[in-house]
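Chain residues, written in single-letter form:
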Amino acid sequence: MLRGIHHAAIICSDYARSRAFYTEVLGLRVIAENHRAERDSWKLDLGLPDGGQVELFSFPDPPPRPTTPEAQGLRHLAFTVADVAATKAWLEAQGVAVEPVRIDPHTGRAFTFFRDPDGLPLELYEAG
């Protein structure tokens, strides 16, 4: 019945900063950008090459995430990449702090974590 994940939704604290991070640093393509005046909110639809999407929302004074990453709710968002080490090096050259590369003991694939401007844990996972 279910065929895949269509999108993940993220609420940010600083829309301009997060928009720049997801579009300029991570290179996600803007599909649509809408200001919802009645909610004083922006909704930015971002596309990934495989058709997946990230929805970036802004709201006035959203509460911070209580803890990382073991709080209830979304634990992290993982992106597949061809080469984790190369992507890590590229992100670091952009000024993004990235954890050391680890190997998933169950799959043998490389992975690592970094954070968006609001501290949301993001993962790079090597495609099979």
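Residues numbered from 1 in each chain as written. Predicted model: local features only at pLDDT ≥ 70, side-chain atom pairs only at ≥ 80, totals over all residues. Heavy atoms only, no water.

**Q** Which parts of the structure should I look at to understand unusual backbone geometry?
**A** Leave glycine aside and you will find that most residues have negative phi; peptide bonds, for their part, are mostly trans. One non-glycine residue with positive phi stands out, namely aspartate 40, at about 50°. Its location among the elements puts aspartate 40 in the loop between strand 2 (29–36) and strand 3 (41–47). Aspartate 40 gets classed as partly exposed once you look at its relative accessible area, which sits at 49%. (Helix = DSSP H or I, 4+ residues; strand = E, 2+ residues; numbered from the N terminus. Buried < 20%, exposed > 50% of the residue type's maximum accessible area, 1.4 Å probe, protein only.)

**Q** What is the right way to look at the nonpolar core in this model?
**A** For soluble globular proteins, the rule of thumb is that nonpolar side chains tend to be buried together. Counting residues in hydrophobic clusters, the biggest one holds 24 residues, and the most contacted among them are Tyr22, Leu56, Phe114 and Leu122. Residue assignment for this core shows that the elements contributing at least two residues are strand 1 (7–12), helix 1 (15–25), strand 3, strand 4 (53–58), strand 5 (77–81), helix 2 (84–93), strand 7 (110–115) and strand 8 (121–126). With four residues, helix 1 is the largest single contributor of residues to this core. Residue contacts for phenylalanine 114: discarding those within four places in its chain leaves Phe21, Leu26, Leu91, Val96, Ala97, Val98, Leu120, Pro121, Leu122, Glu123 and Leu124. (Core = buried A, V, L, I, M, F, W, Y, C linked by side-chain atoms within 4.5 Å. Contact = heavy atoms within 4.5 Å.)

**Q** Could you clarify how one ought to interpret helix 1 in this entry?
**A** In an α-helix, one turn spans 3.6 residues; hence positions three or four apart end up facing the same way. Of all the positions in helix 1, only Tyr15, Ser18, Phe21, Tyr22, Thr23 and Val25 are classed as buried. For helix 1, the N-terminal cap is aspartate 14; the gap from its side-chain oxygen to the backbone nitrogen of alanine 16 is 3.3 Å. One or two residues past the end of helix 1 sits glycine 27, with phi positive at roughly 75°. (Polar contact = N/O pair within 3.5 Å; in protein donor to acceptor, adjacent residues only side chain to side chain.)

**Q** Even after reading the chapter, I still don't get the pairing of strand 7, so can you show me in this structure?
**A** The side chains of a regular strand alternate, residue by residue, between the two faces of the sheet. Here strand 7 lies mainly inside the structure; five of its six residues are buried. For strand 6 (residues 102–103) and strand 7, the ladder comprises two bridges, and the chain directions are antiparallel. Of the residues in strand 7, the one forming a bridge with arginine 102 is phenylalanine 111. In sequence, strand 6 turns back onto strand 7 through a hairpin of six residues, with glycine 108 there showing a positive phi of about 80°. Here five bridges tie strand 7 to strand 8, and the two strands are oriented antiparallel to one another. Looking across to strand 8, one finds that arginine 115 is bridged to proline 121. (Pairing = 2+ DSSP bridges.)

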